[in-house]
Amino acid sequence: MLRFLKSLSRTVHENQEPSNGGDDGSYEAHDGDVNGSDGGGEPSSLTVWRKSLFVGCSGFTVINSFGDLVYRVDNYGSRRRQELVLMDASGKPILTVSRCKKLKMFDNWLVFEGELSSKEQKPICRARKNVNIFWPKVKSLARVYKEPYDEKNMYMIEGSYMNRSCKVLDKSRNVVAEIRRKETVTKGVSFGLEVFDLIINKGFDSGLAMAIILLLDQMFL
């Protein structure tokens, strides 16, 4: 399956017209770079496979348009762990997603830079699952706030993660990232929900975009 995804990613890349901005189409990991976004420029595309490359593990495998491994998550325990570590291809921790253990009305998660090493370590983001009791038709799934906490400095996730159709919006409602179902021109091939695309607009960090996927996966599956 991974070999097929790599081949497909290269084919898609070769069929794309080159941009005039000098971008070669690859997307390098930025360790914890969660500074703002402008939503402009050429987007990058990553293929996300909801499966670890290691036998007996759950997790994620992420490749770029060249078929190169970019990120991975290897969960050796139960599928719903309290902490998930996003790593680069070499296994270096990029971000840690941790469920808040305090008793609250709404589910909360924290995102830390690198690996969580002590209780004193401060998060770089926090996330809250939306519970639409009074407005059930509203498609808002969750909110991600940058630290220090500020209601105005946040990202909104809208759509349906169950259907792999989501948009990440900044405070000005610019789309900074999207989750889409994987499409293929190969007849008779269907990826289902386990393989999907992560589209990242220029200026938004791919590591944070992947952390948002981990958050949604914990919230809704």
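Residues numbered from 1 in each chain as written. Predicted model: local features only at pLDDT ≥ 70, side-chain atom pairs only at ≥ 80, totals over all residues. Heavy atoms only, no water.

### Focus: helix α2 (residues 206-220)
Applicable threshold: Secondary structure elements are defined from DSSP: runs of H or I of at least 4 residues count as helices, runs of E of at least 2 residues count as strands, and each element is numbered from the N terminus. Here, expected helix span is obtained from the residue count minus one, scaled by 1.5 Å. When a residue's accessible area, from a 1.4 Å probe over protein chains only, is under 20% of the maximum for its type it is buried; when over 50% it is exposed; and in between it is partly exposed. Counting of polar contacts relies on pairs of N or O atoms within 3.5 Å, with two restrictions inside protein: one atom must be capable of donating a hydrogen and the other of accepting it, and residues adjacent in sequence are counted only when both atoms are side-chain atoms.
Spanning 15 residues, α2 covers 21 Å between terminal C-alpha atoms, matching the ideal 21 Å at 1.5 Å per step. Counted residue by residue, α2 has 14 buried out of 15 residues, so it is predominantly covered. With a side-chain oxygen positioned 3.1 Å from the backbone nitrogen of G207, the residue opening α2 is D205.

### Section: the side chain of E178
Using the following cut-off: The criterion used for residue contact is that any of the two residues' heavy atoms lie within 4.5 Å.
Mapped onto the elements, E178 comes out in strand β11 (residues 175-181). Taking the relative accessible area as the measure of exposure, E178 reaches 18% and is therefore buried. Polar side-chain contacts of E178 include one of 3.1 Å to the side chain of R180. In this structure E178 touches C166, K167, D197, L198 and I199, once residues within four positions along its chain are discounted.

### What about the environment of R99?
Tracing the sequence through the fold places R99 in strand β5 (residues 93-99). It is 9.3 Å that separates the C-alpha atoms of R99 and A127, two residues lying 28 residues apart in sequence.

### Here we look at the sheet that holds strand β2 (residues 58-63)
Here is the rule: DSSP calls a pair of strands paired once it identifies at least 2 bridges connecting them. Only C-alpha atoms enter the line fits that serve as axes; for helices the fit covers just the stretch in contact. Angles between N-to-C directions range over 0 to 180 degrees.
The strand order around the closed barrel built from twelve strands is β1-β2-β3-β4-β5-β6-β7-β8-β9-β10-β11-β12, with neighbouring strands paired in antiparallel fashion. Across the sheet, the mean angle from the axis of one strand to that of its neighbour is 20°, orientation sign disregarded. Bridge count for strand β3 (residues 69-75) against strand β4 (residues 83-88) is two bridges, and the pairing is antiparallel. Across the sheet, the residue bridging to R72 is M87, located in β4.

### Notes on unusual backbone geometry
Note the cis peptide between E147 and P148, where omega equals 0°. Mapped onto the secondary structure, P148 falls in the loop between β8 (140-146) and β9 (154-160). One non-glycine residue, R164, lies in the positive phi region at around 55°. Note on placement: R164 falls in the loop between β9 and β10 (165-169). Residue R164 is classed as buried on the basis of its relative accessible area of 3%. We note that R173 has phi near 65°; this positive angle belongs to a residue other than glycine. Within the secondary structure layout, R173 lies in the loop between β10 and β11.

### Here we look at the nonpolar core
To keep things clear, this is the line we draw: As used in this record, nonpolar core signifies buried Ala, Val, Leu, Ile, Met, Phe, Trp, Tyr and Cys residues forming a set joined through side-chain atoms within 4.5 Å.
In this structure, I157, Y161, L198, F204 and I213 are the most contacted members of the largest nonpolar core, which totals 42 residues. With ten residues, the top contributor of residues to this core is α2. With residues near it in sequence (within four places) discarded, I157 still touches K139, S140, L141, A142, V144, C166, K167, V168, I212 and L216.

### Some words on the packing of aromatic side chains
For clarity, the cut-off: Pairing of aromatic rings covers Phe, Tyr and Trp, the last through its six-membered ring, and needs centres within 6.5 Å; plane angles under 30 degrees mean stacked, over 60 mean edge-to-face, and all others mean tilted.
In the structure shown here, the tally under the stated rule is three aromatic pairs. Between Y155 and F204, the aromatic rings sit 5.2 Å apart at their centres with planes inclined by 75°, giving edge-to-face as the arrangement. One end of the pair, Y155, is in strand β9; the other, F204, is in the loop between β12 (195-200) and α2, with 49 residues separating them in the sequence. Considered together, Y155 and F204 belong to a single accessibility category, that of buried residues.

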